[in-house]
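# Remarks on the overall topology
Listed here are the chains, written in short residue letters.
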Amino acid sequence: HAADTFRTDLMTITRHVLNEQSRHPESRGDLTILLSHIVLGCKFVASAVNKAGLAKLTGLAGETNVQGEEQKKLDVLSNEVFVNALVSSGRTCVLVSEEDEKATFVDPKLRGKYCVCFDPLDGSSNIDCGVSIGTIFGIYMIKNQDTVTLEEVLQPGKDMIAAGYCMYGSSCTLVLSTGNGVNGFTLDPSLGEFIMTHPDIKIPPKGKIYSVNEGNAKNWDTPTAKYVEKCKYPTDGSSPKSLRYIGSMVADVHRTLLYGGIFLYPADKKSPSGKLRVMYEVFPMSFLMEEAGGQSFTGKGRSLDLIPTDIHERSPIFLGSSDNVEEIKALYAEEA
Ligand code: P6P
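Residues numbered from 1 in each chain as written. Predicted model: local features only at pLDDT ≥ 70, side-chain atom pairs only at ≥ 80, totals over all residues. Heavy atoms only, no water.

## Quick look at the sheet that holds strand 11 (residues 209-211)
Quick note on the threshold: A strand pair is defined by DSSP finding two or more bridges across the two strands. Secondary structure is summarised from DSSP: a helix means a run of H or I of at least four residues, a strand means a run of E of at least two, and numbering begins at the N terminus for each. By definition, residues are in contact when any of their heavy atoms lie within 4.5 Å. To define axes, lines are fitted to C-alpha atoms, for helices over the stretch in contact only, and angles between the resulting N-to-C directions are given on a 0 to 180 degree scale.
One open sheet accounts for 5 strands, arranged 12-11-13-15-14; its pairing is mixed. Where the open sheet ends on each side, the last strands, each with one partner, are strand 12 (242-243) and strand 14 (295-297). Sheet topology places strand 13 (residues 262-265) next to strand 15 (residues 317-320); 4 bridges connect them, and they run antiparallel. From the neighbouring strand, tyrosine 265 faces strand 15, where its bridge partner is isoleucine 317. Contacting strand 11, strand 13 and strand 15, helix 7 (residues 249-259) runs over the sheet at an angle of about 150 degrees to strand 13.

## Quick notes on the nonpolar core
Nonpolar side chains in soluble globular proteins generally cluster together in the buried interior. Rules: Only buried residues count toward a nonpolar core. Its members are Ala, Val, Leu, Ile, Met, Phe, Trp, Tyr and Cys residues joined through side-chain atoms within 4.5 Å. Here's how the labels work: a residue is buried when its accessible area is under 20% of the maximum for its type, exposed when over 50%, partly exposed in between, all with a 1.4 Å probe on protein chains only.
Formed by 39 residues in total, the largest nonpolar core has its most connected members in Ile38, Ile139, Tyr168 and Phe194. With 10 residues, helix 3 (residues 30-51) is the single largest residue contributor to this core. Leaving out residues up to four positions away in the same chain, isoleucine 38 has contacts with Phe82, Leu86, Phe137 and Ile139. The next biggest cluster of nonpolar side chains, apart from the first, holds 22 residues, and it includes Val250, Ala251, Tyr265 and Ala292.

## A word on the site of the ligand
Which entries qualify depends on this criterion: Note on definitions. A residue lies near a molecule or strand when any single heavy atom of the residue is within 4 Å of it. Polar contact is the term for a pair of N or O atoms within 3.5 Å; when the atoms are in protein, one must be able to donate a hydrogen and the other to accept it, and sequence-neighboring residues count only if both atoms are side-chain atoms. The Shrake-Rupley method, run with a 1.4 Å probe, gives the accessible areas here. Residue values count only the displayed protein chains as cover. Just so you know the grouping, Ala, Val, Leu, Ile, Met, Phe, Trp, Tyr, Cys and Pro go in nonpolar, Asp, Glu, Lys and Arg go in charged, and all remaining residues, Gly too, go in polar.
The full set close to the ligand counts 14 residues, and Asp122, Asn213, Tyr245, Met249 and Tyr265 are the nearest of them. Tyrosine 245 is positioned with one of its side-chain polar atoms (N or O) 2.6 Å from an oxygen atom of the ligand. Taking methionine 249, its main chain carries an N or O atom lying 2.8 Å from an oxygen atom of the ligand. Considering the ligand on its own, with 400 Å² of exposed area, one finds that the protein chains cover 84% of that surface. For the shell around the ligand, the class distribution of residues is 5 nonpolar, 5 polar and 4 charged.

## Comments concerning the UniProt feature "domain: Fructose-1-6-bisphosphatase class 1 C-terminal" (unreviewed entry) in the protein chain
Note the cut-off: UniProt positions are given in the numbering used here, feature names are shortened, and annotations may be inferred rather than shown by experiment.
The feature "domain: Fructose-1-6-bisphosphatase class 1 C-terminal" (unreviewed entry), as given by UniProt, occupies residues 203-332 in the numbering adopted here. For residues 203-332, the helix share is 36%, the strand share is 12%, and the end-to-end C-alpha distance is 23 Å.

## Observations concerning helix 2 (residues 13-21)
Stated formally: When we speak of the arc, we mean the arc of directions from the helix axis to the C-beta atoms.
All of the buried residues in helix 2 are Ile13, His16, Val17 and Glu20. What you see down the axis of helix 2 is that its buried residues fit within an arc of 95 degrees, all on one side. Contact partners of the buried residues in helix 2: helix 3, strand 8 (172-177), strand 9 (183-188) and strand 10 (193-198).

## Description of helix 6 (residues 222-232)
Spacing of three or four residues puts side chains on the same side of an α-helix, whose turn is 3.6 residues. Within the sequence span of helix 6, burial applies to Pro223, Thr224, Tyr227, Val228 and Cys231. Take helix 6 and look down its axis: the buried residues cluster within an arc of 130 degrees, on one side only. If you follow the buried residues of helix 6, they end up packed against strand 11, strand 13, strand 15 and helix 9 (322-335). The opening residue of helix 6 is aspartate 221, an N-cap whose side-chain oxygen sits 3.1 Å from the backbone nitrogen of threonine 224.

## Describing the pattern of salt bridges
Put simply, the test is: Basic side-chain nitrogens of Lys or Arg form a salt bridge, by our definition, when they fall within 4 Å of a carboxyl oxygen of Asp or Glu.
Per the counting criterion, the structure on display carries 17 salt bridges. A salt bridge links aspartate 30 to arginine 28; the nearest nitrogen and oxygen atoms lie 2.9 Å apart. Owing to a relative accessible area of 6%, aspartate 30 belongs among the buried residues under this scheme. Bridged by salt links that share partners, the residues Arg28, Asp30, Arg91 and Lys113 form one connected network.

## So, the packing of helix 6 against helix 9
Stated precisely, the cut-off is as follows: Angles below 35 degrees are treated as roughly parallel, those above 145 as roughly antiparallel, those between 65 and 115 as roughly perpendicular, and all remaining angles as oblique. By definition, turning the near helix anticlockwise from the far helix through less than a right angle yields a left-handed crossing, and turning it clockwise yields a right-handed one.
It is at 9 Å that the axes of helix 6 and helix 9 come closest, and there the two elements cross at 140 degrees. Looking at the two axes, helix 6 sits oblique to helix 9. The hand of the helix 6/helix 9 crossing is right-handed. Contact residues: Thr222, Pro223, Thr224, Lys226, Tyr227 and Lys230 in helix 6; Asn324, Glu327, Ile328, Leu331, Tyr332, Glu334 and Glu335 in helix 9. Looking at side-chain class alone, the contact of helix 6 with helix 9 contains 5 nonpolar, 3 polar and 5 charged residues.

## Concerning unusual backbone geometry
With phi around 50 degrees, aspartate 200 is a residue other than glycine that occupies positive phi space. When you line up the elements, aspartate 200 lands in the loop between strand 10 and strand 11. You can call aspartate 200 partly exposed: its relative accessible area is 47%.

## A closer look at the packing of aromatic side chains
As a reminder, the rule being used: Stacked, tilted and edge-to-face are the three classes applied to pairs of Phe, Tyr and Trp rings, where Trp contributes its six-membered ring and a pair requires centres within 6.5 Å; stacked means planes under 30 degrees apart, edge-to-face means over 60, and tilted covers the rest.
Tallying each qualifying case throughout the model produces 4 aromatic pairs. Relative to phenylalanine 118, the ring of phenylalanine 82 lies with its centre 6.1 Å away and its plane at 50 degrees, an arrangement referred to as tilted. Remark: phenylalanine 118 occurs in strand 5 (residues 114-122) and phenylalanine 82 occurs in helix 4 (residues 73-88); sequence separation between them is 36 residues. Each member of the pair, phenylalanine 82 as well as phenylalanine 118, is classed as buried. Taken together, a centroid distance of 5.4 Å and an interplanar angle of 50 degrees make the contact between phenylalanine 318 and tyrosine 332 tilted. Note that phenylalanine 318 is positioned in strand 15 and tyrosine 332 in helix 9, a separation of 14 residues in sequence. Tyrosine 332 matches phenylalanine 318 in its accessibility class, with the two residues each being buried. By the ring-pair criterion, three or more aromatic residues cluster together here, those being Phe297, Phe318 and Tyr332.

Below, the structure is given as structure tokens:
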């Protein structure tokens, strides 16, 4: 009967965030309001991505972004959606977007105490073929919102207070941490609500999957080359690892988080600092990995200890199951 088909005690993302807020009695709910605006942005982008093929939103917008990549219409649309949602929340004072060359300093009359760094639609080169893409975001507290400068934005990732991603794929999944573990939510389009489907995500301590673009093998440095060799031809009698590489960071990281294993985007001779951006790819994904019991390493040290000097700075990244990351850390330590 009805009670069997409808859960009557739904844990929505809004309810979850309010529960988290109640853990901070001094909180005035600013983060709750900010997150609700980010969630709104994700719902809008999910709807646009799902209709993209029909609404001719795919294809190149012609302009190129600061990365020199062709900007697709959905990129431009998603960036505008998030900038508008974040500014109108009245809880942000500065925004860093993958799509905008400069940081956006919010109109002083509309400022709040948070800085949000985000990639509105990461993996967008995959839009036309239907591969999962995603929004990635990280949130910092700013000491004095009225006098915030760029220097104050360039903080180490360990100072982030929240981070998350929304993956637009076969279903729309939002994974979030506010510093008290990681939870996953799936959008129920009929309700327009994100429902908690993955409570308290913990990454397996060791995994059998490695995820890297093998096409860059010619340019890898020795520790990465040695590590990938060990994945393919183990010398300890264990069976070879499986390679899974989607080429969309949110999809590759989401699989790593749920199934375990390691995701690598190493430095190489072509890109000595790797490809992925520190502020809105490396930091948020590293924050989530550590909150889920995993690790994130740059080849030199803990990813979250990095102090960026430019908002679009890149870094090599090795993240995932703790035991797997330890193996590559050992190989870099040998090389040092
Ligand atoms: P490559 C997508 O363009 C992206 O920024 C990430 O989402 C993804 O992990 C990476 O680049 C893929 O890069 O060089 O392997 O195609």
